[in-house]
Amino acid sequence: MEHLESKEETKYNYSFTLFGEPVIKTRCQRNAFMYGISGGIIAGLVGFLFTSSGKHATRAGVVSCVAIITCLACKCTYEEIQMRKNARLLKKVICEMSAQTDDKGTNSDNSPRKLESI
């Protein structure tokens, strides 16, 4: 599957990036844009129903769109950073455990090993 992604990357030029990742490639950032745009449209329509003023409704739609996109994109980036941090920690623990197993040979007591600190 990885080789398919590399072919797609060479086919398309990602010119619009957010926080260093192409928006079209990252699912949660793409969803943030979709939710923000649809939320802005809904807020603009609801604002127009209450105020009957196009200027105020447009302002409410744009402000809510920007706020939703910003909040969801930051949440997505935070979760991705946490996921990468956890992956690095897991990789480190796996390397340490494999090094311990290589030093002692095979695990002869057949009991699961406990991790002291994660």
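Numbering of residues begins from 1 in every chain and follows the order in which that chain's sequence is written. Owing to the predicted nature of the model, reporting of local features is limited to residues with pLDDT of at least 70; listing and counting of side-chain atom pairs is limited to 80 or more, with chain, interface and lining totals taken over all residues. Just so you know, side-chain values use all the structure's heavy atoms and leave hydrogens and water out.

Next up on the list: the overall build of the chain. Within the chain, the regular secondary structure consists of three helices and two strands. Helix and strand assignments follow DSSP, with helices taken as H or I runs no shorter than four residues and strands as E runs no shorter than two, numbered in order from the N terminus. When the elements of the chain are put in sequence order from the N terminus, they spell out α-β-β-α-α. For the chain, buried positions account for 17% of its 118 residues. Of the contacts formed within the chain by residues at least 6 apart in sequence, a portion of 45% connects residues at least 24 apart. Here the open area of atoms and residues is found with the Shrake-Rupley method and a 1.4 Å probe, where only the protein chains shown may cover a residue. Total accessible area on the chain stands at roughly 9600 Å², and carbon and sulfur atoms take up 62% of it. Relative accessibility decides the category of a residue: with a 1.4 Å probe and only protein chains considered, values under 20% of the type maximum give buried, values over 50% give exposed, and everything between is partly exposed. By the convention used here, residues are in contact when the closest approach between their heavy atoms is within 4.5 Å.

A pair of sulfur atoms, both from cysteines and within 2.5 Å, is called a disulfide here. Enumeration over the complete set of coordinates arrives at one disulfide. Two residues share a disulfide in this structure: Cys-28 and Cys-76, whose sulfurs sit 1.8 Å from each other. In this pair, Cys-28 is assigned in helix α2 (residues 27-51) and Cys-76 in helix α3 (residues 54-104), connecting sequence segments 48 residues apart. On the accessibility criterion, Cys-28 (29% relative accessible area) is partly exposed. With no disulfide of its own, Cys-71 lies 7.0 Å from the sulfur of Cys-74, the closest cysteine sulfur.

With a phi angle near 55°, Ser-52 is a residue other than glycine that sits in the positive phi range. Mapped onto the fold, Ser-52 is located in the loop between α2 and α3. Given a relative accessible area of 58%, Ser-52 falls into the exposed group.

Let us look at the pattern of salt bridges. Counted as salt bridges are all cases of a side-chain nitrogen of Lys or Arg within 4 Å of a carboxyl oxygen of Asp or Glu. The final tally for this structure, using the stated rule, is two salt bridges. Glu-79 is the salt-bridge partner of Lys-75, the closest N and O atoms lying 3.1 Å from each other. Of this pair, Lys-75 and Glu-79 are both found in helix α3, four residues apart, which corresponds to roughly one turn of the helix. Taking the relative accessible area as the measure of exposure, Glu-79 reaches 42% and is therefore partly exposed.

Moving on, we come to the confidence of the model for the chain. Note: pLDDT gives the predictor's confidence per residue, expressed from 0 to 100. Summary statistics for the chain give a mean pLDDT of 78 and a share of 64% for residues scoring 70 or more. Taken element by element, the chain is modelled with least confidence in helix α1 (residues 2-11), mean pLDDT 53, and with most confidence in α2, mean pLDDT 90.

Take α2 next. With 25 residues, α2 extends 36 Å from end C-alpha to end C-alpha; this agrees with the ideal 36 Å at 1.5 Å per step. Along α2, the residues that are buried comprise Gln-29, Ala-32, Gly-36, Gly-39, Gly-40, Gly-44 and Gly-47. Ser-52 sits one or two positions beyond α2 and adopts a positive phi of about 55°. Take the number of residues in a helix, subtract one, and multiply by 1.5 Å to get its expected span.

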